[in-house]
Amino acid sequence: MSSAVELRAPGPRGIPPLFARLVDDAALFPPPGNRNEVATPVPQAVTDHLDARAGEFAGLLGPMLCQASRLAELITELAKAKPSSPIPLSLVCDTGLGGVPKALSIIEGRQELLALRMVEMPAPSDVDDIWLERVSEFVPEDITRVVEPRRGGEGWLDGIRRVAEHGCWPKLRTGGQTAEAVPTVDEVAEFLAVAGSLDVPFKATTGLNAAVRGEDPETGFTHHGFLNLLVATARSLSGKDVRAALESTDGAALAEEARSLSDDAANAVRDVFASYGSCSLKDPVAELEGLGLL
């Protein structure tokens, strides 16, 4: 299975280790929390991704996420664009686990366009061993398997541990179209306490549009920040106050704490928190530049 280190190999601009390959391109998904917005059209998403991969901040960029149901569209547009090298892909299984073999076969036939790195899927309400064994059967060992246990309830954290025991990365969903879809600070802190003890990293998705915690002016939801999550992960590894990092709205203080991490400490953080999906590639760059971190 691909490791977190392999997936964030150094980019052309020498992005700091804390941010290397941090942002997975989720442009093909609607922005979280806004029912009136739709996903970026595939032609535009391909153009933007190729531009970003050729740009000065390419080292920040992880795989492109694509739903299995939109795979044919993506391949059509990539064939028109003729990328100079295959695009790293994370396949999101929106058609069920049974649709995975067909999707993998299609990707296998277009290796000049796509390089499969991950397969991501939601878990059933009961994350049982039989279902996880099927995931292992359907997805080759050299492909990272990412599974999202359903948050909430007494068995949520046990589900995260079970996912990791089967060699899959757990996924933390940090937002959505309702206020209830945003996990509380306590829930994220509990997740991090478990994540730091696992043999695999986790990735996050939805809701981390900004670097720093704050209120989304369009939805009114209080959102988590990806910088908060990075700093909180660092604190969880060193026995410091995780909740305070998650609650902080002081961008300058968070940036200073992130900047003070040694390369070894930053790599340790990213061995736990591998990446997150963002509907925008420009926003994380602008946020990090504004905080003096790029």
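About the criteria used
Residues numbered from 1 in each chain as written. Predicted model: local features only at pLDDT ≥ 70, side-chain atom pairs only at ≥ 80, totals over all residues. Heavy atoms only, no water. Helix = DSSP H or I, 4+ residues; strand = E, 2+ residues; numbered from the N terminus. Rg over C-alpha atoms; globule rule 2.2 N^0.38 Å. Buried < 20%, exposed > 50% of the residue type's maximum accessible area, 1.4 Å probe, protein only. Contact = heavy atoms within 4.5 Å. Areas by Shrake-Rupley, 256 points an atom, 1.4 Å probe, with all protein chains shown as cover. Pairing = 2+ DSSP bridges. Axes fitted to C-alpha atoms, helices over the stretch in contact; angles between N-to-C directions. Salt bridge = Lys/Arg side-chain N within 4 Å of Asp/Glu carboxyl O. Core = buried A, V, L, I, M, F, W, Y, C linked by side-chain atoms within 4.5 Å.

J.: Before we move on, could you go through the overall build of the protein chain and cite the residues and values that matter?
T.: Helix and strand counts for the protein chain come out as 12 helices and 10 strands. Relative to its length of 294 residues, the protein chain is compact, with a C-alpha radius of gyration of 18 Å against a globular reference of 19 Å. C-alpha extents for the protein chain along the principal axes are approximately 50 × 45 × 40 Å. For the protein chain, the proportion of its 294 residues judged to be buried stands at 53%. In the protein chain, 74% of the contacts between residues at least 6 apart in sequence involve partners at least 24 apart. Surface accessibility of the protein chain: about 12800 Å² in total, with carbon and sulfur atoms responsible for 49%.

J.: Let's hear about the environment of D264: which residues, and what values?
T.: Tracing the chain through its elements places D264 in helix α11 (residues 263-270). Judged by its relative accessible area of 64%, D264 falls in the exposed class. A sequence separation of 246 residues divides D264 from L18, and the C-alpha atoms of the two residues are 9.6 Å apart.

J.: Please set out the sheet that holds strand β6 (residues 169-173) residue by residue, giving values where relevant.
T.: Strand order in the closed barrel made by the eight strands is β1-β2-β3-β4-β5-β6-β7-β10, with parallel pairing throughout. Taken over all neighbouring pairs, the strand axes of this sheet differ in orientation by 30° on average, direction set aside. Bridge count for strand β1 (residues 23-25) against strand β10 (residues 273-278) is three bridges, and the pairing is parallel. When the sheet's bridge partners are listed, D25 is paired in β10 with S278.

J.: I'd like a rundown of the environment of K102, residues and numbers included.
T.: Structurally, K102 is set in helix α4 (residues 100-108). Spatially, the C-alpha atoms of K102 and G14 are 37 Å apart, while their sequence positions differ by 88 residues.

J.: An account of the pattern of salt bridges is requested, with residue identities and associated values reported.
T.: Side-chain pairs of opposite charge can arise whenever the charged atoms involved come near each other. Counted by the stated rule, this structure contains 12 salt bridges. Residue E120 pairs with K171 through a salt bridge whose shortest N-O separation is 2.7 Å. Here K171 lies in strand β6 and E120 lies in strand β4 (residues 114-122), a separation of 51 residues in the sequence. Both residues of the pair, E120 and K171, belong to the buried class. Taking the shortest distance from any N to any O, the salt bridge between E120 and K203 comes out at 2.8 Å. One end of the pair, E120, is in strand β4; the other, K203, is in strand β7 (residues 202-205), with 83 residues separating them in the sequence.

J.: How would you sum up the nonpolar core? Please name residues and give values.
T.: Where a protein is soluble and globular, its nonpolar side chains tend to be buried together. Among the nonpolar cores identified, the biggest contains 53 residues, and F19, L192, F202, L227, L229, L230 and L246 are the most heavily contacted of them. Look past the residues within four positions of L229 in its chain and what remains in contact with it is V188, L192, F202, A204, L208, L246 and F273. Listed in part, the 36 residues of the second largest apolar core include C66, I87, L104 and L116.

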